[in-house]
Amino acid sequence: MSSDFSRCLSLLRQEKGISQRAAAKDLGISQALLSHYENGVREPGLAFVIKACNYYNVSADFLLGRTLSRDGTTIAAEELYDYSAEKDNVLHGSILATLNKKLLVNSIGVLFDLLGKTGKKEAINAAADYLGTAVYKMFRHLYRADGTQNEDFFSVPARQFMAGIPSADMICTEAEYVEALACHVKEKGNFPPMNNDALMENYPGLYQSLLQIIHTTGERVNCRGRARKEKN
């Protein structure tokens, strides 16, 4: 059984706000056994999976990490809600490009709406700067890939670009972003609700995209970490 199951099982319990002891009692098993399931030490049988699905009100596919939708439904690229203001701007020739565009546009829409609700201008600007530099980097690498383009189009010299100046800028803007959020906590101490139910209610067409990015990014990062450990 995949590691998604153990992680999801643990997160669902924490989201429900109950202790491992209480959850184990409700599920009819010992706390030690539930701990083993949540940590991936042991794999449960089908009977437990069904009981856990009923207990947390999710589908088996969701609990097993096969879908990001709690009711088990899947969403195809053409079904994803496109939050882009440029409704007539359609990417031709690549379903993959269209899907990824929608995932990113939708997720950024959620991010900036949440930031807007904080009212912290410095955090909003820092997030925009960070993402803007990321787009700049990806576009410039594409622009210069065949070696025939005149890079005078860009104000940052090619040598500085390849030496990592934009990456350094992203590190600085990320630090500014974190600092701005910390200042907001000190000044106001409140953020818009960001638990699963609140996000599903407030962003019914967009939250699925954000979940997809969280899931795929987490898997990619963890995979790189495991690969480094195996090399060592």
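Please read these numbers as outputs of a predicted model, since none were measured by experiment.

**Some details on the nonpolar core**
Side chains that are nonpolar tend, in soluble globular proteins, to be buried together.
Next up, step 1: Counting residues in each nonpolar core, the largest one holds 19 residues, and the members touching the most others are Leu9, Leu12, Leu34, Phe48, Tyr56 and Leu63.
Next up, step 2: Elements supplying a minimum of two residues to this core: α1 (3-16), α2 (20-27), α3 (31-38), α4 (46-56) and α5 (60-63).
Next up, step 3: If you tally residues by element for this core, the top one is α4, at six residues.
Next up, step 4: Contact partners of Leu34, with chain neighbours within four places excluded, come to Leu9, Arg13, Gln20, Ala23, Ala24, Leu27, Ile29 and Phe48.

**Some words on the layout of surface pockets**
Next up, step 1: Within this model, the largest pocket holds a volume of roughly 930 Å³.
Next up, step 2: Elements that contribute at least two residues to the lining of the largest pocket include exactly α6 (95-118), α7 (121-144), α9 (165-187) and α11 (207-231).
Next up, step 3: Top element by residues in the lining of the largest pocket is α6. It accounts for ten residues.
Next up, step 4: Among the residues forming the lining of the largest pocket, the class breakdown is 22 nonpolar, six polar and two charged.

**Brief notes about the pattern of salt bridges**
Next up, step 1: By the definition in use, this model includes seven salt bridges.
Next up, step 2: A salt bridge links Lys120 to Glu122; the nearest nitrogen and oxygen atoms lie 3.8 Å apart.
Next up, step 3: With relative accessibility at 10%, the residue Lys120 sits in the buried group.
Next up, step 4: Several salt bridges share partner residues, and in doing so they unite Lys120, Glu122 and Glu187 into one network.

**Description of the packing of α7 against α9**
Next up, step 1: Relative to each other, α7 and α9 sit at 160 degrees, their axes nearing to 8 Å. As summarised for this structure, α7 and α9 are arranged roughly antiparallel, according to the angle between their axes. α7 and α9 meet at a crossing whose hand is left-handed. Residues Glu122, Ala123, Ala126, Ala127, Asp129, Tyr130, Thr133, Ala134, Tyr136 and Lys137 of α7 form the contact with α9, whose own contacting residues are Pro166, Ser167, Asp169, Met170, Thr173, Glu174, Glu176, Tyr177, Ala180 and Leu181.
Next up, step 2: Of the residues in the contact of α7 with α9, the class split is eleven nonpolar, three polar and six charged.

**Details of the packing of aromatic side chains**
One pair of aromatic rings is described through two measures. These are the centre distance and the angle between the planes.
Next up, step 1: Under the counting rule described, the total for this entry stands at nine aromatic pairs.
Next up, step 2: Relative to Phe161, the ring of Tyr136 lies with its centre 6.1 Å away and its plane at 70 degrees, an arrangement referred to as edge-to-face. Of the two residues, Tyr136 sits in helix α7 while Phe161 sits in helix α8 (residues 158-163), which places them 25 residues apart along the sequence.
Next up, step 3: On the accessibility criterion, Phe161 (4% relative accessible area) is buried.
Next up, step 4: Here the aromatic rings of Phe139 and Phe154 are separated by 6.3 Å at their centres, their planes lie at 55 degrees, and the arrangement is tilted. Remark: Phe154 occurs in the loop between α7 and α8 and Phe139 occurs in helix α7; sequence separation between them is 15 residues.
Next up, step 5: You can call Phe154 buried: its relative accessible area is 10%.
Next up, step 6: Clustering of aromatic rings is evident, with ring pairs tying together Tyr136, Phe139, Tyr143, Phe153, Phe154 and Phe161.
Next up, step 7: Above the face of the Tyr55 ring, Lys16 is positioned so that its terminal group lies 4.8 Å from the ring centre.

**Considerations on α11**
Next up, step 1: Here α11 spans 36 Å end to end across 25 residues, near enough to the 36 Å set by a 1.5 Å rise per residue.
Next up, step 2: Here α11 has its buried residues at Tyr207, Gln208, Ser209, Leu210, Leu211 and Gly225.

Rules and cut-offs
Residues numbered from 1 in each chain as written. Predicted model: local features only at pLDDT ≥ 70, side-chain atom pairs only at ≥ 80, totals over all residues. Heavy atoms only, no water. Core = buried A, V, L, I, M, F, W, Y, C linked by side-chain atoms within 4.5 Å. Buried < 20%, exposed > 50% of the residue type's maximum accessible area, 1.4 Å probe, protein only. Helix = DSSP H or I, 4+ residues; strand = E, 2+ residues; numbered from the N terminus. Contact = heavy atoms within 4.5 Å. 1 Å grid on protein atoms, 1.4 Å probe; cavity = no way out; pocket = protein on both sides within 12 Å on 5 of 7 lines; lining within 4 Å. Points joined across faces, edges and corners; volume = space filled by probe spheres on them. Nonpolar A, V, L, I, M, F, W, Y, C, P; charged D, E, K, R; others polar. Salt bridge = Lys/Arg side-chain N within 4 Å of Asp/Glu carboxyl O. Axes fitted to C-alpha atoms, helices over the stretch in contact; angles between N-to-C directions. Parallel < 35°, antiparallel > 145°, perpendicular 65-115°, else oblique. Left-handed = near helix turned anticlockwise from the far one by under 90°. Phe/Tyr/Trp six-rings, centres within 6.5 Å; stacked < 30°, edge-to-face > 60°. Lys NZ or Arg CZ within 6 Å of the ring centre and 35° of its normal. Expected span 1.5 Å × (residues − 1).

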